[in-house]
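So you can see what is in the structure, the chains are spelled out below.
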Amino acid sequence: ENGDVVRRGDVLVRLDETSIRDNVNSADDAARNAALALDQAERNLQRLKTLRASGMTSLQALDEAEVRRNGAQSELSAAKSRAAQARQQLQRTQIRAPFDGVVSDRKVSAGDTASIGKELLKVIDPTSLRFEGRVSADKISAVKVGQAVSFRINGYAGQDFRGKVTR
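We now turn to the structure provided with this report. (Residues numbered from 1 in each chain as written. Predicted model: local features only at pLDDT ≥ 70, side-chain atom pairs only at ≥ 80, totals over all residues. Heavy atoms only, no water.)

### With respect to the sheet that holds strand β1 (residues 5-6)
Across a sheet, paired strands are connected by hydrogen bonds in the backbone, their directions being either parallel or antiparallel.
Part 1 of the reasoning: Spatial ordering of the open sheet is given by β1-β4-β5, a layout of three strands whose pairing is antiparallel. Edge strands, defined here as strands with exactly one partner in the open sheet, are β1 and β5 (121-124).
Part 2 of the reasoning: Note: β1 against strand β4 (residues 101-106), two bridges, orientation antiparallel. Bridge pairing in β4 places V5 opposite V102. (Pairing = 2+ DSSP bridges. Helix = DSSP H or I, 4+ residues; strand = E, 2+ residues; numbered from the N terminus.)

Next comes the structure, spelled out in structure tokens:
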């Protein structure tokens, strides 16, 4: 909620991970199937090498088995890559605070749809706030860069804040 204090690493937003978890499971299944296919292609290639050594199969059959084994290796690599990518997406379903701060602007509520580039909330670091103030034209000559200033903010009764002029 707006005004909540958060610590670095705190979970701020949890996105629905149902479809992404399904993608992870599907990618894991595909990787297992590709590993089994590679194992079978490798065993078949070894059998044909043994048969070829005794002259009981053609060189073409051996070459075809090697091509199938290489294809199975490629498919296993691709399946593992898809599984790793799905896991990375799963990790991105939890939005964590990048630093200690305060939630200043919550843009979404439970049930809203999140999309790439959509702002979900803002977290500010209260130790590095910027204050913009107005100075009347007749007093502007008294203001210098680097000068210390003190000011008050409505809602913080009796509390003085300090800063310095940066421009």
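### Observations concerning the nonpolar core
Part 1 of the reasoning: Core analysis: the biggest nonpolar cluster contains seven residues, these being A31, A34, L38, A41, A72, L76 and A79.
Part 2 of the reasoning: Examining the composition of this core, we find that four residues originate from one element, helix α1 (residues 18-53), more than from any other.
Part 3 of the reasoning: Excluding anything up to four places from it in sequence, L38 contacts R69, A72, Q73 and L76.
Part 4 of the reasoning: In this structure, V24, A27, A83 and L90 belong to the second largest nonpolar core, which totals six residues. (Core = buried A, V, L, I, M, F, W, Y, C linked by side-chain atoms within 4.5 Å. Buried < 20%, exposed > 50% of the residue type's maximum accessible area, 1.4 Å probe, protein only. Contact = heavy atoms within 4.5 Å.)

### Digging into the packing of α1 against helix α2 (residues 59-91)
In helix packing, the relevant descriptors are the interaxial angle and the interaxial distance, both defined with respect to the helix axes.
Part 1 of the reasoning: The contact between α1 and α2 brings their axes to 8 Å, and the two run at 160°. Relative to α2, the element α1 is oriented roughly antiparallel. Classified by chirality, the crossing of α2 by α1 is left-handed.
Part 2 of the reasoning: Residue composition of the contact of α1 with α2, by class: 22 nonpolar, four polar and 12 charged. (Axes fitted to C-alpha atoms, helices over the stretch in contact; angles between N-to-C directions. Parallel < 35°, antiparallel > 145°, perpendicular 65-115°, else oblique. Left-handed = near helix turned anticlockwise from the far one by under 90°. Nonpolar A, V, L, I, M, F, W, Y, C, P; charged D, E, K, R; others polar.)

### Examining the packing of aromatic side chains
Part 1 of the reasoning: Counted according to the given criterion, the structure contains two aromatic pairs.
Part 2 of the reasoning: Arranged with centres 4.2 Å apart and planes meeting at 5°, the rings of F131 and F151 form a pair that is stacked. In this pair, F131 is assigned in the loop between β5 and β6 (148-151) and F151 in strand β6, connecting sequence segments 20 residues apart.
Part 3 of the reasoning: Note on F151: relative accessible area 18%, which makes it buried.
Part 4 of the reasoning: Centroid distance F151 to F161: 5.9 Å. Interplanar angle 20°. Geometry classified as stacked. With F151 in strand β6 and F161 in strand β7 (residues 161-164), this pair connects stretches of sequence that are 10 residues apart.
Part 5 of the reasoning: Grouping aromatic residues by their ring pairs yields a cluster made of F131, F151 and F161. (Phe/Tyr/Trp six-rings, centres within 6.5 Å; stacked < 30°, edge-to-face > 60°.)

### Things to note about the pattern of salt bridges
Part 1 of the reasoning: Tallying each qualifying case throughout the model produces 12 salt bridges.
Part 2 of the reasoning: Between E1 and R106 there is a salt bridge, with the nearest N and O atoms lying 2.4 Å from each other. On the criterion of sequence distance, the pair formed by E1 in the segment before β1 and R106 in strand β4 is long-range, its members being 105 residues apart.
Part 3 of the reasoning: One salt bridge in this structure joins R152 and D160, with 2.6 Å as the shortest N-O distance.
Part 4 of the reasoning: It is possible to trace a salt-bridge network through shared partners that takes in D105, K107 and E119. (Salt bridge = Lys/Arg side-chain N within 4 Å of Asp/Glu carboxyl O.)

### Details of α1
Part 1 of the reasoning: The first and last C-alpha atoms of α1 sit 53 Å apart over 36 residues, in line with the 52 Å expected at 1.5 Å per residue.
Part 2 of the reasoning: Within the span of α1, buried status applies to I20, V24, A27, D28, A31, A34, L38, A41, L45 and L48.
Part 3 of the reasoning: Tucked into the core, α1 has its buried residues touching α2.
Part 4 of the reasoning: Just downstream of α1, G55 is the residue with a positive phi angle, here 75°. (Expected span 1.5 Å × (residues − 1).)

### A word on α2
Part 1 of the reasoning: With 33 residues, α2 extends 48 Å from end C-alpha to end C-alpha; this agrees with the ideal 48 Å at 1.5 Å per step.
Part 2 of the reasoning: In this structure, the buried side of α2 is in contact with α1.

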